[in-house]
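As a plain string of letters, each chain reads:
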Number of protein chains: 2
Amino acid sequence: MNKETSILVVGTVALDTLANPCGRAAEVVGGSAVYFAYAASCFAPVRLASIIGSDFPEASLRDLESRGVDTAGLVRAEGKTFRWSGSYGKDLKEASTLSVELNVISDFEPDLPEHYRETPWVFLANIDPRVQLSVLRQTSGPRTVVCDTMNFWIENRREDLLRLLKEVDILILNDEEVRLLTGEQHLLLAGRKALKLGPGTVVVKKGEHGALLYTADGCLCCVPAYPTTRILDPTGAGDSFGGGFTGYLAEKGELSEENLRRAVVCGMATASFTVESFGVEALRQATRDGIAERFTGIRRLVSF
Amino acid sequence: MNKETSILVVGTVALDTLANPCGRAAEVVGGSAVYFAYAASCFAPVRLASIIGSDFPEASLRDLESRGVDTAGLVRAEGKTFRWSGSYGKDLKEASTLSVELNVISDFEPDLPEHYRETPWVFLANIDPRVQLSVLRQTSGPRTVVCDTMNFWIENRREDLLRLLKEVDILILNDEEVRLLTGEQHLLLAGRKALKLGPGTVVVKKGEHGALLYTADGCLCCVPAYPTTRILDPTGAGDSFGGGFTGYLAEKGELSEENLRRAVVCGMATASFTVESFGVEALRQATRDGIAERFTGIRRLVSF
């Protein structure tokens, strides 16, 4: 493992039950940290911090490890793994949560393995901001911190989230979340307002409409989604975006403006695999070369 | 006037009453043909075919003529000009029609002036497809036909519209309209399905998310909106897109793939002026140079 490019991720590991007009899938392996790890491991070694119950399939752990995902920081607890069940309407846009069973994740108090603590890239995937903050406080040394979140935390853990954002370098969230966070309807203004909360860079995901990149210089970049027509289920697309985005930055090793722009393209290219199946199946098949091919496809779309 | 680059447009000329959370404006000059004419006249001479009542402000006609808009085909009828009143919610997306007074437009039977009939570019702006078809039948010679429409005609004049589309080269419509027209929810598939109705090229406008260009080769191009933050009212943005798009093609004189891609960018750049005021005020200030500047701004957004 090359220490310099490693990425530490904390987030959920889950068993998801998904339903939408294209079909359904019961108790498939998912969670923000899992989608992130599959995506980012196409680019760089990943160190996973999370918690699972005794019912989590061993084969899935072996699969992650075979891709260079370190699971030393994955706590195996007595009890059941975190479960989420959600459904989508025919536009496959917003998920409605049908049920949440926190199970072992409700007691998760991260205690990072020693060798995790100086990882140069830290991704705080969607999970309680208190857990994100706890992980961040256990890391040290020069590091770049990328953070994802969701509407639930913006509404119910606002204070914790705002405290966390002051220590974050790059914030990733979707259009509705940035509006909720800033109270500003116009996306361009909302993106700028989010920068004032701490992060030097903000990425706003817009689903099928791509993503926007903001830095102190304004709205820097607008990247379309990769035009896949095989959309089965969008669960995990946002986490996979984070994985492709952070993976590319870790691979390049430097936060230049050019790398940030291309990282957004890599994020979109990576996420386009995820939506082509329920669960991680299609994302598992993605390779660094396959992502590069879709990167070129996106670039072709905006050649004029 | 250079006959080769002229554009014939048929559409509505209206007095609009607009309201949204940013403000309101009463009886301002508007209509699909007017927005189109202001936009396209930045690129090429425009020949306007429509109908107005005796209450239409003379100064607005002079203003159009001063920009190279030929009004010989604009019928001056006894009675009142077509009126439309609409409002928008805080996202400024979909207009709700509050009232429509057809007035003189209900009797409009176009009879094109002789010199209009061999115009090389024909734009059928949003109006009853029967009127669009009548105008098209009165033209002859080699010409490129670009067509806009709206949900009302897709729902209430479907047969006429489908007949018209067989004679159209380029169809422009928005995301909801292409879904309504084709019955397909996924935009990429909807765009492809629309191609089967006749047009060799389809452009799907997505408001703040830009526009997509489809040809027989698939989804060719994805252009973001110009990132203006001074959005006052979106009325006429779609018609102005059509004007910038068709104007650029007329200026270049050739339907190459490269010109089509750049025409979409010009359309987005032109429309970005329109939304910066109620009515045509901001669009009136747009110049060919100003549009070129925003073209460059859009290109910068997608440089990676």
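Thresholds applied
Residues numbered from 1 in each chain as written. Chains lettered and ligands numbered in written order. Predicted model: local features only at pLDDT ≥ 70, side-chain atom pairs only at ≥ 80, totals over all residues. Heavy atoms only, no water. Contact = heavy atoms within 4.5 Å. Buried area = accessible area lost by both parts, 1.4 Å probe. Salt bridge = Lys/Arg side-chain N within 4 Å of Asp/Glu carboxyl O. Polar contact = N/O pair within 3.5 Å; in protein donor to acceptor, adjacent residues only side chain to side chain. Least-squares fit on C-alpha atoms with pLDDT ≥ 70 in both. Pairing = 2+ DSSP bridges. Helix = DSSP H or I, 4+ residues; strand = E, 2+ residues; numbered from the N terminus. Axes fitted to C-alpha atoms, helices over the stretch in contact; angles between N-to-C directions. 1 Å grid on protein atoms, 1.4 Å probe; cavity = no way out; pocket = protein on both sides within 12 Å on 5 of 7 lines; lining within 4 Å. Points joined across faces, edges and corners; volume = space filled by probe spheres on them. Nonpolar A, V, L, I, M, F, W, Y, C, P; charged D, E, K, R; others polar. Buried < 20%, exposed > 50% of the residue type's maximum accessible area, 1.4 Å probe, protein only.

Trainee: Help me understand the interface of chain A and chain B in this model?
Mentor: Interface extent is often summarised as the accessible area lost during association of the parts. Contacts between chain A and chain B engage 32 residues on the former and 32 residues on the latter. Summed over both partners, the interface of chain A with chain B buries about 2,700 Å², with 62% contributed by carbon and sulfur atoms. The interface formed by chain A and chain B holds two salt bridges in total. Two residues, A:Arg179 and B:Glu208, come together in a salt bridge whose shortest N-O distance is 3.5 Å. For the interface between chain A and chain B, the tally reads 13 residue pairs in polar contact (both at pLDDT 80 or more).

Trainee: Any chance you could explain the relation of the copies chain A and chain B here in plain terms?
Mentor: Look at the two chain copies: a rotation about an axis and a shift along it is all it takes to match them. Superposition record for chain A on chain B: RMSD 0.0 Å, screw rotation 180 degrees, translation along axis 0.0 Å. When the rotation and shift are considered jointly, the pair of chain copies conforms to a two-fold rotation axis.

Trainee: Got a minute to help me understand the sheet that holds strand S11 (residues 201-205) of chain A in this structure?
Mentor: Note: strands within a sheet are paired through backbone hydrogen bonds, in either parallel or antiparallel orientation. Residue and element names in this part refer to chain A. Spatial ordering of the open sheet is given by S5-S4-S1-S8-S9-S10-S11-S12-S13, a layout of nine strands whose pairing is mixed. Of all the strands in the sheet, the pair left with one neighbour each is strand S5 (69-76) and strand S13 (218-223). Neighbour-to-neighbour, the strand axes of the sheet open up by a mean angle of 15 degrees, direction not taken into account. Relative to strand S4 (residues 46-52), strand S1 (residues 7-10) is paired through four bridges, and the arrangement is parallel. By the bridge assignment for S4, isoleucine 7 is matched with valine 46. Its contacts with the sheet place helix H8 (residues 237-252) against S1, strand S8 (121-124), strand S9 (144-148), strand S10 (170-174), S11 and strand S12 (211-215), and it is angled at close to 155 degrees to S10.

Trainee: What should I look at first to understand empty space enclosed by the protein in this one?
Mentor: One pass over the structure, following the stated rule, counts one cavity of 30 Å³ or more. Looking at the largest cavity, its volume works out to about 60 Å³. Forming the walls of the largest cavity are A:Lys206, A:His209, A:Cys222, A:Val223, A:Pro224, B:His209, B:Cys222, B:Val223 and B:Pro224. Residue classes in the lining of the largest cavity are distributed as six nonpolar, two polar and one charged.

Trainee: Sorry, what's going on with the environment of B:Ser85 here?
Mentor: Residues and elements named next belong to chain B. With respect to the element layout, serine 85 can be found in strand S6 (residues 82-88). Residue classification places serine 85 among the buried positions, given a relative accessible area of 12%. In this structure the C-alpha to C-alpha distance between serine 85 and aspartate 16, which are 69 residues apart in sequence, comes to 5.6 Å. Among residues more than four places away in sequence, those in contact with serine 85 are Thr17, Ser96, Thr97, Leu98 and Ser99. A distance of 3.5 Å separates a polar side-chain atom of serine 85 from the backbone oxygen of threonine 17.

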